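Structural overview for review
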Amino acid sequence: MTSIRCLIFASFLALQPAPAVRAESLSADEIDRCIRKNRPTETSVLEVSFRSKDRVGAITEKSGILSWKRFDGDLSRLVLRFRYPNDVRGAAVLLIEAKARAPEMFMCIPALQKVRRVTTRTVSSSMFGTDFSYEDFQRLQGYTASVSKLRLEDAVVADRPAFVVERTLEPDAGSAYVRIVDFVDQETCLPLRTESYERGGRLRKVLTADPAAFEFSGTVWVARSMLMRDLLDETETALLVEKVEIDTKLNRKVFSTRDLEARCR
């Protein structure tokens, strides 16, 4: 198998190794900017698989295409379209980044032939049966709700030095979480671990990336394997990147609600 962020988280991709600066001098905002720079110049197209395991060990798999494009003002959009198995074929999620406000999310439900906006009521629900909620997926791609940030003491994750950034979500952010802790690889600015805490301080989900599966492909770093674990439900979903295309030509209309609606009928 041959990734986005920082789409991911930041995301799955990085343009280049982290800049040669003193790691201890970086603020939380500067670490976020390093993550955000981990995006292709124009576009990326990823073939991805979601392999979910329930609490009794049964495995289900879904696959699709994740397309991302940079728009004016350094804003971006992405669309994830499922193509396997048949019961989710045609299902899609569209994410539109906005300036100075939360991004907009829409989902296509083929069985209903309808497009619906992902609201604060639904953002915490499972994304088509995976352990990624819509909110988790949004954050994985580097789009975050209103937060206050604090850089914590550096850590070592999977034998790699990591920046640690704690994010406290505002009560009106519409999040299922109150606190997120990101462990970011200092070499690539790719996520190594993300801990998501619910109200009451309970650790609910942990996202990890295997640095052995980080790969420099062309002009970007690729995190080819990530695992989301739901500690309460005792389930997990592996997100695997099968194939990557960087800066290929993509039509802008593919990232519109009109196109999403046309394909959902």
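Quick note: structure is the one above.
In this report, we go over the structure that sits alongside the text. (Residues numbered from 1 in each chain as written. Predicted model: local features only at pLDDT ≥ 70, side-chain atom pairs only at ≥ 80, totals over all residues. Heavy atoms only, no water.)

Some thoughts on the state of the cysteines
The cut-off we apply is this: Any two cysteine sulfur atoms within 2.5 Å of one another count as a disulfide. Segments assigned H or I by DSSP are reported as helices when at least four residues long, segments assigned E as strands when at least two residues long, and all are numbered from the N terminus.
What the rule picks out here adds up to 2 disulfides. Covalent S-S linkage joins Cys34 and Cys189, the inter-sulfur distance amounting to 1.8 Å. Negative torsions about the S-S bond denote left-handed disulfides, and the value of about 85° found for Cys34 with Cys189 makes this one right-handed. On the criterion of sequence distance, the pair formed by Cys34 in helix H1 (residues 28-36) and Cys189 in the loop between strand S10 (179-185) and strand S11 (191-197) is long-range, its members being 155 residues apart.

A word on H1
The criterion, for reference: Burial status follows relative accessibility: with a 1.4 Å probe on protein chains alone, a residue under 20% of its type maximum counts as buried, one over 50% as exposed, and anything between as partly exposed. The reported arc concerns the directions from the helix axis to the C-beta atoms and nothing else. Throughout, a contact is declared for two residues whenever any of their heavy atoms are within 4.5 Å.
For H1, the full list of buried residues reads Ala28, Ile31, Asp32, Cys34 and Ile35. Angular distribution of buried residues about the axis of H1 spans 155°; they occupy a single face of the element. Next to the buried residues of H1 lie strand S8 (147-157), strand S9 (160-169) and S10.

Observations regarding the pairing of strand S5 (residues 92-96)
Heads up, the rule is: In this scheme, strands are said to pair when DSSP sees at least two bridges between them.
Burial analysis of S5 places 5 of its 5 residues in the buried class, the great majority of the element. Residues of S5 alternate between two faces, with Ala92, Leu94 and Ile96 on one and Val93 and Leu95 on the opposite face, all of them buried. Strand direction decides the pairing type here: strand S4 (residues 76-84) and S5, joined by 5 bridges, are antiparallel. For Arg77, the partnering residue across the bridge sits in S5 and is Ile96. Sheet analysis places S5 next to strand S6 (residues 104-109), joined by 5 bridges and oriented antiparallel. Its bridge partner being in S6, Leu95 is matched across the sheet by Met105.

Purely spatial values, then, with no claim about function.
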